[in-house]
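Spelled out from the first residue to the last, the chains are:
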Amino acid sequence: MEYLLLVGGFVLLIKGADFFVEGSASVAKKLRVSSMVIGLTVVAMGTSAPECAVSIVASFHGENEVAVSNVIGSNIFNLMIVCGVCSVISPLHVKAESLKKEFPLSILAAIALVAMGYMGMKIERTDGLILLAAFAAFIIWLVRDAKKQRSTQEDTEEIKTLGTMQCLLYIIGGIAAIVVGGDTVVNAAKTIADNFGLSSTLIGLTIVAMGTSLPELVTSIVAARKGETDMAIGNVIGSNLFNILLVLGIAGAISPIEVLMENVIDAIILIGMSVVVWIFAWTGKKINRAEGAVMVALYAGYMGYICVR
């Protein structure tokens, strides 16, 4: 039964992501907002819903190791596998503006997580509120930036888009399918993993992190295949920022989150990998297929490291 649920969850994720990307891209064209902004906000928020649900529930139940390791593991997976696989399918073109703004912000968020976690080995309620304040500031900045882009953007061509109600149905239905599919996959995978006697931290970094990151993976792959590479990269950067600022912010504000030294080490690895991807993106303003393959290989090495430590 668990294996059947796993397959069913994957089907929901794939179809949900397909509708979600279609609806989001259409909204971007209707509002004359760039796909990058839609990826950083609507798509990122929708695909981060599983991480949010898992980490908040974990915080309520005192499963702090799962909450922190889930976010760090998801961010590493998003960066190396989601970006890597998408780059192998279709080279990801990254705008210079994103390299100067959103990418550095995601690295700064990871540095803040390391600093908060290392000082006192706990994310206190105050830390959670600081993360939430930073998230609010990020959203306000994005909205203002989107308004500027919209006012300067010219209507160069008539683009066929979906109807308003159809867009809403695609987005809401897509998010619902993604969340239910992600939840189904995580629960089924966790039950299977528990039967093998894996620790909470290892489950958080692997099964739960990969399961909750499946929406980002599927959505970004669909976006890349549809030529919406801006949305794909925006989805990854936005999700990583949401995971640290919003997910850990809410979880920390609910109850203090214990941070293990292993979590600090993994967060430092996340910073290192973020810098590597940032450098890749700077060269030619894109992540090419060879660089994507290197990113996937680095993630495989990281998986090997956490399984033997």
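Residues numbered from 1 in each chain as written. Predicted model: local features only at pLDDT ≥ 70, side-chain atom pairs only at ≥ 80, totals over all residues. Heavy atoms only, no water.

**Side note on the environment of M45**
No. 1: Within the secondary structure layout, M45 lies in helix α2 (residues 35–47).
No. 2: By relative accessible area, M45 is classed as partly exposed at 45%.
No. 3: Beyond its immediate sequence surroundings of up to four residues, M45 is in contact with F135 and F242. (Helix = DSSP H or I, 4+ residues; strand = E, 2+ residues; numbered from the N terminus. Buried < 20%, exposed > 50% of the residue type's maximum accessible area, 1.4 Å probe, protein only. Contact = heavy atoms within 4.5 Å.)

**Remarks on unusual backbone geometry**
No. 1: Positive phi is not limited to glycine here, since M121 has a value of about 50°.
No. 2: In this structure, M121 sits in the loop between α6 (102–118) and β2 (122–123).
No. 3: Overall, the relative accessible area of 24% leaves M121 in the partly exposed class.

**Quick look at the packing of aromatic side chains**
No. 1: Summed over all chains, the structure comprises 6 aromatic pairs.
No. 2: When the ring of F19 is compared with that of Y170, the centres are 4.9 Å apart and the planes differ by 80°; the resulting orientation is edge-to-face. Of this pair, F19 sits in helix α1 (residues 2–31) while Y170 sits in helix α8 (residues 164–194); the two residues are 151 residues apart in sequence, bridging distant segments of the chain.
No. 3: Look at F19 and you get partly exposed, because its relative accessible area is 36%.
No. 4: Their ring planes at 50° and their centres at 6.2 Å tell us that Y299 and Y302 sit as a pair that is tilted. In this pair, Y299 and Y302 both sit in helix α12 (residues 289–308), 3 residues apart, roughly one turn of the helix. In terms of burial, Y299 and Y302 fall into one category: buried. (Phe/Tyr/Trp six-rings, centres within 6.5 Å; stacked < 30°, edge-to-face > 60°.)

**What to know about the nonpolar core**
No. 1: Core analysis: the biggest nonpolar cluster contains 85 residues, and I76, M80, I233, I244, Y299 and Y302 have the highest contact counts within it.
No. 2: Here this core gets 13 residues from one element, more than from any other, and that element is helix α10 (residues 229–254).
No. 3: Those residues within four positions of Y299 in sequence are excluded, and the remaining contacts are I76, F77, M80, I81 and M210. (Core = buried A, V, L, I, M, F, W, Y, C linked by side-chain atoms within 4.5 Å.)

**Looking at the packing of α6 against helix α11 (residues 261–282)**
No. 1: At a minimum axis distance of 9 Å, the contact between α6 and α11 shows a crossing angle of 165°. It follows that α6 is roughly antiparallel to α11 by the angle criterion. The way α6 lies across α11 gives a crossing that is left-handed. Contact residues: α6 offers F103, P104, I107, A110, I111, V114, G117 and Y118, while α11 offers M261, V264, A267, I268, L270, I271, S274, V275, V277 and W278. (Axes fitted to C-alpha atoms, helices over the stretch in contact; angles between N-to-C directions. Parallel < 35°, antiparallel > 145°, perpendicular 65-115°, else oblique. Left-handed = near helix turned anticlockwise from the far one by under 90°.)

**Let's talk about the packing of α6 against α10**
No. 1: Where α6 contacts α10, the axes come no closer than 10 Å and their chain directions differ by 30°. Regarding the angle of α6 to α10, the classification is roughly parallel. Seen along the crossing, α6 lies across α10 with a hand that is left-handed. In contact with E102, F103, L105, S106, A109, A110 and L113 of α6, α10 contributes I233, I237, L241, I244, L245 and L248.
No. 2: Residues that form the contact of α6 with α10 fall into these classes: 11 nonpolar, 1 polar and 1 charged. (Nonpolar A, V, L, I, M, F, W, Y, C, P; charged D, E, K, R; others polar.)

**What to know about α1**
No. 1: The terminal C-alpha atoms of α1, which comprises 30 residues, lie 42 Å apart, in line with the 44 Å expected from a rise of 1.5 Å per residue.
No. 2: One or two steps after α1, the chain reaches R32, where phi turns positive at roughly 55°. (Expected span 1.5 Å × (residues − 1).)

**Description of α12**
No. 1: Taking 1.5 Å of rise per residue, the 20 residues of α12 would be expected to cover 28 Å, and the 29 Å separating its terminal C-alpha atoms lies within 8% of that figure.
No. 2: For α12, the set of buried residues is E291, G292, M295, Y299, Y302, M303 and I306. The arc enclosing the buried residues of α12, seen along the axis, measures out at 130°, which places them on a common side. For α12, exposure combined with an orientation more than 90 degrees from the buried face picks out A290, C307 and V308.
No. 3: Measuring from the side-chain oxygen of the N-cap residue of α12 to the backbone nitrogen of A290 gives 3.2 Å; that N-cap residue is N288. (Arc of directions from axis to C-beta. Polar contact = N/O pair within 3.5 Å; in protein donor to acceptor, adjacent residues only side chain to side chain.)

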